[in-house]
Amino acid sequence: MEKEYDVIVVGGGHAGCEATAAAANMGSRVLLITMNMGTIAQMSCNPAMGGVAKGQIVREIDAMGGYSGIISDKTAIQFRMLNRSKGPAMWSPRVQSDRWLFAQEWRLMLEQTKNVEFWQDMVTELVTKNGKITGVKTNLGITFNAKSVILTNGTFLNGLIHIGEKNFGGGRAAENKATGITENLVNLGFKAGRMKTGTPPRVDGRSLDYSVMEEQKGDENPSKFSYRDSTSPLKTQKSCFITYTNETVHEILKEGFDRSPMFSGAIAGTGPRYCPSIEDKIERFAERERHQLFIEPEGWNTVEIYVNGFSTSLPLEVQEKAIKQVRGFENAKIFRPGYAIEYDYFPPTQLKHTLETKLVEGLYFAGQINGTTGYEEAACQGMMAGINAHLKIREEEAFILKRDEAYIGVLIDDLITKGTKEPYRMFTSRAEYRILLRQDNADARLTPLAHKIGLASDEQIKRVEGKNKSIKNLLKTLDNISITPEETNAYLEKNKTANIKQKVKASSVITRPQVDLETMSAAIPSIKQAIENNTLEVIEQAEIRIKYQGYIDREKDMAEKMTRLEEVRLSDNIDYFSFQSISSEAREKLHKIRPATLGQASRISGVSPSDISVLMIHLGR
């Protein structure tokens with residue numbers, strides 16, 4: 001058995017899988033250590049990938065050569081593009097996944113990835129020497145040596161599961177918690193905290209009455225996550241359903257509040273603000289008579305159903321009594337109860353932009369250990385940690401995505417600059433350049449960057465270059481086509497927009513919000529001829545650029561101005577306490593976080609523009 005590796009990844013969840021794939025595909029010898037090889041890439045909570053802002057992250061991972069998009073496409077049972085009624089900056093792809101197929105496909109992908117080896121065991125200790133990681137020790141007493149180690153422990157670090165007044169150790173239902181690492185890290189000087197998340201009961205779909213629920217079908221013409229040609233859009237889809245709680249349900253749930261670990265003080269960790277438990281929703285939104293529940297199938301062939309929106313840690317008998325009062329659930333049979341889980345995390349201000357820890361060289365954190373929530377947030381962190389671990393070993397320049405380049409860059413910058421006291425979830429509102437960071441252009445933004453460092457393949461970069469050329473040609477063609485009132489006005493009247501009075505450029509009409517290329521091409525032969533040999537992807541990109549070019553240019557200007565601050569590096573040994581003109585809060589936070597650039601310093605909560613001005617004067621001197 002080999003004992004020496006370039007990279008050791010601890011944990012086989014979404015972060016661990018992407019970290020393993022990235023480092024291995026770039027050429028590092030990687031050992032993935034997981035407590036259970038049967039649960040690699042397990043979807044611990046809802047069986048879905050993507051959603052608002054999360055879908056953008058999955059497309060960014062795929063654009064860079066990661067696997068999450070491909071796996072999502074291969075195991076999808078439904079596809080929806082959310083927020084289609086809004087502007088393209090808000091469009092967010094989401095798939096309902098087959099839980100078992102998802103985990104199976106991930107494991108097969110890793111097994112077929114060159115340079116990847118596996119070991120089933122629990123890591124109990126990190127081995128360091130002179131402030132640098134040298135390997136790990138496992139529960140079996142084995143020491144594995146490595147040049148870098150990536151911790152992706154998810155909810156397993158001293159995990160504690162709560163169901164009513166009962167609690168027991170575990171990383172998730174029916175799986176053991178991980179011990180030793182937290183204590184080891186604290187001894188090395190790291191600060192730790194506790195967070196909480198939860199999951200709803202799973203029920204027998206055969207016991208539900210779908211006829212009284214609202215059916216939620218997938219898109220009529222579904223798309224997919226991956227830009228690559230190795231996956232195809234779904235031809236058949238499974239429906240989800242929507243139902244609601246009611247006042248009777250709420251009253252029954254309240255009866256169990258005195259035995260709820262949420263309210264009794266048994267749970268010390270902070271839960272996710274944007275994915276609260278059902279008891280939390282009833283408490284916080286007492287004025288609401290009902291709450292929406294999404295009834296989501298767990299796969300193609302299973303009868304198990306995920307009750308999205310009914311996350312709870314109330315006693316089992318309360319869960320069962322309440323859920324049977326939900327419309328369509330009168331005869332519901334529970335397969336397994338909902339529960340809450342507490343786990344250790346490490347405030348991410350202890351990390352660099354590369355996700356390497358500041359205290360121990362060569363040690364990286366990714367996923368829920370950094371205080372995030374969600375598969376997508378974890379996966380992108382894993383990929384970035386894997387990339388940077390590989391580059392550091394080879395003494396190459398670190399790979400850091402800026403806030404105007406990717407949602408991934410926004411997420412990591414938020415974490416290490418602002419920290420988080422509750423599970424961090426990505427939203428489009430967190431990105432100040434979201435018109436630039438659309439889901440449709442992730443390949444154009446990121447594939448060239450990933451190809452330069454050896455992660456995105458030659459095939460991927462050729463595809464992007466070909467797509468960009470086609471978009472450029474179509475834009476040029478549309479800009480050169482002139483359309484007349486005679487051929488256009490009937491179409492414009494039908495779409496309730498003003499007629500044209502003379503011949504105009506086609507692109508000037510396409511800028512109107514009531515107009516779209518697809519319907520316009522059906523009415524005007526010259527437009528149809530211009531777009532007919534292009535893919536839907538190219539047509540959509542061209543239309544977005546025509547309609548939103550002014551906004552895109554404005555955001556680019558804003559990003560360029562901010563880049564000037566990002567280019568001003570700050571030395572790691574600046575004595576911020578010596579700056580008497582800076583507020584005491586700013587001095588403390590600058591000393592604690594030690595920002596790498598003036599731009600990062602400007603985003604620290606409590607650091608004012610005047611504080612930045614003082615730093616600029618100092619740097620000028």
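Residues numbered from 1 in each chain as written. Predicted model: local features only at pLDDT ≥ 70, side-chain atom pairs only at ≥ 80, totals over all residues. Heavy atoms only, no water.

Colleague: Where do I start with the sheet that holds strand 5 (residues 92–97) in this structure?
Modeller: The antiparallel open sheet is built from three strands, whose spatial order is 3-5-4. The open sheet has two edge strands, strand 3 (48–50) and strand 4 (76–82), and neither has a second partner. Each strand of the sheet is rotated relative to its neighbour by a mean of 15°, with strand direction disregarded. Looking at chain direction, strand 3 and strand 5 are connected through three bridges and run antiparallel. By the bridge assignment, Ala 48 is partnered in strand 5 with Gln 96. (Pairing = 2+ DSSP bridges. Helix = DSSP H or I, 4+ residues; strand = E, 2+ residues; numbered from the N terminus. Axes fitted to C-alpha atoms, helices over the stretch in contact; angles between N-to-C directions.)

Colleague: Whenever I open this one, unusual backbone geometry confuses me. Can you help?
Modeller: Trans is the prevailing form of peptide bonds, just as negative phi is the prevailing case for residues other than glycine. One non-glycine residue, Ala 53, adopts positive backbone phi at about 70°. In this structure, Ala 53 sits in the loop between strand 3 and helix 2 (54–63). Phi is positive for Asn 83, close to 65°, though the residue is something other than glycine. By secondary structure assignment, the location of Asn 83 is in the loop between strand 4 and strand 5.

Colleague: What is the right way to read the packing of helix 2 against helix 11 (residues 407–418) from this model?
Modeller: Geometrically, a packed helix pair is captured by the angle between its two axes and the distance between the axes. Remark: helix 2 packs on helix 11, axes separated minimally by 9 Å, with the N-to-C direction vectors making an angle of 110°. In terms of orientation, helix 2 lies roughly perpendicular with respect to helix 11. Only Tyr 407, Ile 408 and Leu 411 of helix 11 make contact with helix 2, whose side of the interface consists of Gln 56, Ile 57, Glu 60 and Ile 61. (Parallel < 35°, antiparallel > 145°, perpendicular 65-115°, else oblique. Contact = heavy atoms within 4.5 Å.)

Colleague: Hey, could you run me through the environment of Leu 401 in this one?
Modeller: Secondary-structure assignment places Leu 401 in the loop between helix 10 (375–393) and helix 11. With twelve residues separating them in the primary sequence, Leu 401 and Asp 413 have C-alpha atoms 9.0 Å apart. Setting aside residues no more than four positions away along its own chain, Leu 401 makes contact with Met 64, Met 384, Ala 406, Ile 408, Gly 409, Leu 446 and Leu 449.

Colleague: Whenever I open this one, the side chain of Asn 158 confuses me. Can you help?
Modeller: Mapped onto the secondary structure, Asn 158 falls in the loop between strand 9 (143–151) and strand 10 (160–163). Ignoring anything within four residues of it in the chain, the contact list for Asn 158 reads Lys 177, Ala 178, Thr 179, Thr 182, Glu 183, Arg 194, Glu 342, Tyr 343 and Asp 344.

Colleague: What is the right way to read the sheet that holds strand 11 (residues 166–169) from this model?
Modeller: The pairing of strands in a sheet comes from backbone hydrogen bonds and takes either a parallel or an antiparallel form. Taken together, four strands build an open sheet; the order of strands is 11-10-19-12 and the sheet is antiparallel. With one partner strand each, in any of the chains shown, strand 11 and strand 12 (193–199) form the two edges of the open sheet. Geometrically, the sheet is characterised by an average inter-axis angle of 25° between neighbouring strands, direction not taken into account. The pairing of strand 10 with strand 19 (residues 339–345) spans three bridges and is antiparallel. Looking at the pairing, Leu 160 lines up with Glu 342 of strand 19.

Colleague: Got a minute to help me understand the environment of Gln 237 in this structure?
Modeller: Inspection of the secondary structure puts Gln 237 in the loop between strand 14 (214–216) and strand 15 (240–244). When the C-alpha positions of Gln 237 and Trp 300 are compared, they lie 9.0 Å apart, and in sequence the two are 63 residues distant. Setting aside residues up to four positions removed in sequence, Gln 237 forms contacts with Ile 77, Gln 78, Phe 79, Gly 218, Asp 219, Pro 222 and Trp 300. Polar side-chain contacts of Gln 237 include one of 2.8 Å to the backbone nitrogen of Phe 79. A polar atom in the side chain of Gln 237 sits 2.9 Å from the backbone oxygen of Asp 219. (Polar contact = N/O pair within 3.5 Å; in protein donor to acceptor, adjacent residues only side chain to side chain.)

Colleague: Just to check I follow, could you spell out the pattern of salt bridges for this structure?
Modeller: In a structure, side chains of opposite charge can pair up when their charged atoms sit close to one another. With the rule as written, the count across this model stands at 38 salt bridges. Between Asp 413 and Arg 603 there is a salt bridge, with the nearest N and O atoms lying 2.4 Å from each other. Within this pair, whereas Asp 413 is found in helix 11, its partner Arg 603 is found in the loop between helix 20 (598–602) and helix 21 (609–620), the two being separated by 190 residues in sequence. The same class applies to Asp 413 and to Arg 603, which are both buried. Here Glu 585 ties to Lys 589 by a salt bridge, and the two come within 2.9 Å at their closest N and O atoms. Of this pair, Glu 585 and Lys 589 both sit in helix 19 (residues 584–593), four residues apart, which is roughly one turn of that helix. Residue classification places Glu 585 among the partly exposed positions, given a relative accessible area of 37%. Several salt bridges share partner residues, and in doing so they unite Arg 403, Asp 413, Asp 414, Lys 418, Glu 432, Glu 566 and Arg 603 into one network. (Salt bridge = Lys/Arg side-chain N within 4 Å of Asp/Glu carboxyl O. Buried < 20%, exposed > 50% of the residue type's maximum accessible area, 1.4 Å probe, protein only.)

Colleague: Where do I start with helix 19 in this structure?
Modeller: Those residues of helix 19 that fall on the buried side of the exposure criterion are Ala 586, Arg 587, Leu 590 and Ile 593. What you see down the axis of helix 19 is that its buried residues fit within an arc of 150°, all on one side. Of the exposed residues in helix 19, those oriented more than 90 degrees away from the buried face are Glu 588 and Lys 592. Those residues of helix 19 that are buried lie in contact with helix 11, helix 20 and helix 21. Looking one or two places after helix 19, you find Arg 594, whose phi comes out positive at around 50°. (Arc of directions from axis to C-beta.)

Colleague: How should the packing of aromatic side chains be read in this particular structure?
Modeller: A ring pair, where both rings are aromatic, is described by two values, the distance of the centres and the angle of the planes. One pass over the full model with this rule turns up eleven aromatic pairs. Summarising the aromatic geometry, the rings of Tyr 576 and Phe 579 are spaced 6.3 Å apart at their centres and angled 35° between planes, so their arrangement reads as tilted. Judged on exposure class, the residue Tyr 576 and its partner Phe 579 are both buried. Taken together, the aromatic side chains of Phe 190, Phe 346 and Phe 365 make up a single cluster linked through ring pairs. In this structure, Arg 288 is placed above the aromatic ring of Phe 285, and the distance from its NZ or CZ to the ring centre is 4.8 Å. (Phe/Tyr/Trp six-rings, centres within 6.5 Å; stacked < 30°, edge-to-face > 60°. Lys NZ or Arg CZ within 6 Å of the ring centre and 35° of its normal.)

Colleague: Sorry, what's going on with the pairing of strand 16 (residues 292–297) here?
Modeller: Walk down a regular strand and you will see the side chains alternate between the two sheet faces. Across four bridges, strand 15 lies against strand 16 in antiparallel orientation. Each residue of the ladder has a partner; that of Phe 241, found in strand 16, is Ile 295. Relative to strand 17 (residues 304–308), strand 16 runs antiparallel, the two sharing four bridges. What sits directly across from Pro 297, in strand 17, is Ile 305.

These results come straight from atomic positions and should not be treated as a statement about function.
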